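Below are the chains, spelled out letter by letter.
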Amino acid sequence: MIKGKFPLEQFKAVETPFYYYDLSLLKLTLEKVKSLAGGFGYDVHYAVKANANKHLLELIAKEGLGADCVSGGEVGAAVEAGFSPDKIVFAGVGKADWEIKLGLEHHIFGFNVESIPELEVINQLAAERGVTASVALRINPNVDAHTHHYITTGLNENKFGFNMEDMDKVIRLLPALKNVKLIGIHFHIGSQITDMVPFQNLCVRVNEIQEFFESKGIRLEHINVGGGLGINYEHPNHVPVADFESYFKVFNNHLQLKPHQKLHFELGRAIVAPCGSLITKTLYVKEGATKQFVIVDAGMTDLIRPALYQAYHHIENISSEGPLKTYDVVGPICESSDTFGTERTLNETKRGDYIALRSAGAYGEIMASRYNLRQLPGVYYSE
Ligand SMILES: *Cc1c(COP(=O)(O)O)cnc(C)c1O
């Protein structure tokens with residue numbers, strides 16, 4: 001329970017809403033990831049897009065993880081936070097020239113490339129600098145992640161990656177691209193995946209795809225299976241750390257790595273989601289025709305996930321011990337989607353009560369906007 005753990009008294013004078021990061025939970029999570037991945041010999045890159053908060057980035061970099069970036073801004077932030085450039089991978093379906101140049105300038109580990117025109121541009125820009133760019137081909141494995149369709153990325157209908165039908169053409173083209181070196185293949189099937197079956201299906205596909213490259217006489221040093229491991233949003237107090245063990249075991253049991261190959265992961269949500277809470281204050285408790293609304297001072301501008309893809313966040317009243325009641329918890333923005341939760345059970349709530357929206361460490365602060373000319377939320381840490 002964050003209630004009791006959260007030092008509410010210290011924050012009574014602080015303006016709400018704000019993000020609060022439990023750094024001890026983040027450290028515990030990183031320890032777990034490091035020891036498990038280390039045991040299997042896997043490389044984990046933190047997906048910066050989940051949360052690019054400088055303090056968190058520095059902490060994650062210090063623990064020795066790599067970084068997975070999807071923009072030039074993220075490559076810059078990762079370098080600045082202390083991630084070693086030789087552990088930075090750069091993905092994205094639409095990399096601009098300046099972003100590619102930035103990656104080349106920092107000699108990053110590699111580019112995850114998603115199309116033939118992108119390969120040609122990287123080759124050209126690398127030639128202009130007189131360097132060789134290491135690339136992994138992002139391949140669309142056509143595996144259904146069984147997650148929300150906005151965060152499914154590995155189906156043929158998605159815009160991401162090469163389809164296997166394009167591979168012969170790519171392989172014929174590669175020898176002409178003198179400033180590009182193929183080092184591996186890359187996949188990413190979606191996000192918030194808690195069922196291990198889609199990952200198992202991914203392994204089976206990767207094995208098939210490996211055979212294809214083998215049959216063409218191509219040796220791949222690196223296999224990157226992306227991220228997507230989900231967390232338990234319903235029970236943040238009972239299950240505060242993602243199930244990294246089952247996740248890595250799936251790959252250990254089902255992916256056939258060659259002896260010379262390194263397996264890479266790009267985990268975002270599973271690393272940072274649990275450690276963050278959005279703390280907000282109750283402005284009004286409003287009697288509706290059929291229900292009671294708790295109107296809080298945080299809105300979809302502070303945490304957009306519920307509005308964007310009906311995401312669930314556990315909600316607690318951390319300043320009341322009153323009897324349990326049922327409320328809809330909503331924000332102040334003029335959009336009906338500005339709702340954090342319907343029919344939620346909270347301790348009896350009154351104006352001024354503090355409400356915690358849990359597991360908001362990923363795709364929370366980083367997606368905050370100033371829509372309605374609202375202030376960006378504040379940020380505080382447990383240490
Ligand atoms: C978003 C993304 C990730 C991280 O996804 P999570 O669900 O946060 O683990 C990893 N790789 C790529 C290419 C991504 O786009």
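Residues numbered from 1 in each chain as written. Predicted model: local features only at pLDDT ≥ 70, side-chain atom pairs only at ≥ 80, totals over all residues. Heavy atoms only, no water.

## Quick notes on the packing of helix α5 (residues 97–105) against helix α6 (residues 116–129)
Item 1. Where α5 contacts α6, the axes come no closer than 10 Å and their chain directions differ by 50 degrees. As the angle between them shows, α5 and α6 are arranged oblique. For α5 against α6, the interelement crossing comes out right-handed. Residue-level contacts link Asp97, Ile100, Lys101, Leu104 and Glu105 of α5 to Val121, Ile122, Leu125, Ala126 and Arg129 of α6.
Item 2. For the contact of α5 with α6, the per-class residue count stands at 6 nonpolar, no polar and 4 charged. (Axes fitted to C-alpha atoms, helices over the stretch in contact; angles between N-to-C directions. Helix = DSSP H or I, 4+ residues; strand = E, 2+ residues; numbered from the N terminus. Parallel < 35°, antiparallel > 145°, perpendicular 65-115°, else oblique. Left-handed = near helix turned anticlockwise from the far one by under 90°. Contact = heavy atoms within 4.5 Å. Nonpolar A, V, L, I, M, F, W, Y, C, P; charged D, E, K, R; others polar.)

## Focus on the packing of aromatic side chains
Item 1. Per the counting criterion, the structure on display carries 22 aromatic pairs.
Item 2. Between Tyr19 and Tyr21 the ring centres are 6.2 Å apart and the planes differ by 10 degrees, which places this aromatic pair in the stacked class. In this pair, the class of Tyr19 matches that of Tyr21, namely buried.
Item 3. With 4.9 Å between their ring centres and 80 degrees between their planes, Phe199 and Tyr247 make a pair best called edge-to-face. Residue Phe199 is found in helix α8 (residues 197–215), and its partner Tyr247 is found in helix α9 (residues 244–254); the two are separated by 48 residues along the sequence. For the pair shown, Phe199 and Tyr247 are each scored as buried.
Item 4. Among the aromatic residues, those joined into a cluster by ring pairs are Phe40, Tyr42, Phe199, Tyr247, Phe248, Phe251 and Phe265.
Item 5. One residue, Lys95, lies across the ring of Phe90, its end atom 5.5 Å from the ring centre. (Phe/Tyr/Trp six-rings, centres within 6.5 Å; stacked < 30°, edge-to-face > 60°. Buried < 20%, exposed > 50% of the residue type's maximum accessible area, 1.4 Å probe, protein only. Lys NZ or Arg CZ within 6 Å of the ring centre and 35° of its normal.)

## What about the site of the ligand?
Item 1. The full set close to the ligand counts 14 residues, and Lys49, Ser191, Glu266, Arg269 and Tyr363 are the nearest of them.
Item 2. A distance of 2.3 Å separates an oxygen atom of the ligand from a polar atom in the side chain of Ser191.
Item 3. Between an oxygen atom of the ligand and a side-chain N or O atom of Tyr363, the distance comes to 2.6 Å.
Item 4. Protein coverage of the free-state accessible area of the ligand, which is 390 Å², stands at 93%. (Near = heavy atom within 4 Å. Polar contact = N/O pair within 3.5 Å; in protein donor to acceptor, adjacent residues only side chain to side chain. Areas by Shrake-Rupley, 256 points an atom, 1.4 Å probe, with all protein chains shown as cover.)

## Some thoughts on unusual backbone geometry
Item 1. Following Thr16, the chain continues into Pro17 via a peptide bond in cis, with omega recorded as -5 degrees.
Item 2. Structurally, the position occupied by Pro17 is in the loop between α1 (2–5) and β1 (18–21).
Item 3. In this structure, Tyr363 takes a positive phi of about 55 degrees despite not being glycine.
Item 4. As for its position among the elements, Tyr363 is in the loop between β15 (354–357) and β16 (378–381).

## A short note on the nonpolar core
Item 1. Within the largest apolar cluster, 105 residues are counted, with the highest numbers of intra-cluster contacts made by Phe213, Phe244 and Ile271.
Item 2. Two domains each put at least three residues into this core: domain 1 (8–18 + 274–381) and domain 2 (23–272).
Item 3. Dropping the residues within four chain positions of it, Phe213 is found in contact with Leu137, Ile139, Met167, Ile171, Ile185, Ile218 and Leu220. (Core = buried A, V, L, I, M, F, W, Y, C linked by side-chain atoms within 4.5 Å. Domains from an automatic or database assignment.)

## Remarks on the UniProt feature "binding site: pyridoxal 5'-phosphate" (unreviewed entry) in the chain
Item 1. Taking the numbering used here, the UniProt-annotated feature "binding site: pyridoxal 5'-phosphate" (unreviewed entry) corresponds to Gly228, Glu266, Leu267, Gly268, Arg269 and Tyr363.
Item 2. With respect to the element layout, Glu266 can be found in strand β9 (residues 262–267).
Item 3. Taking the relative accessible area as the measure of exposure, Glu266 reaches 5% and is therefore buried.
Item 4. Among residues more than four places away in sequence, those in contact with Glu266 are His45, Asp68, Val89, Asn112, His186, Asn224, Gly226, Gly227 and Gly228.
Item 5. A polar contact is formed between the side chain of Glu266 and the side chain of His186, at a distance of 3.0 Å.
Item 6. With respect to the helices, strands and loops of the structure, Arg269 is situated in helix α10 (residues 269–272).
Item 7. What makes Arg269 buried here is its relative accessible area of 3%.
Item 8. At 2.8 Å, the side chain of Arg269 forms a polar contact with the side chain of Ser191. (UniProt positions renumbered as here; feature names shortened; annotations may be inferred.)

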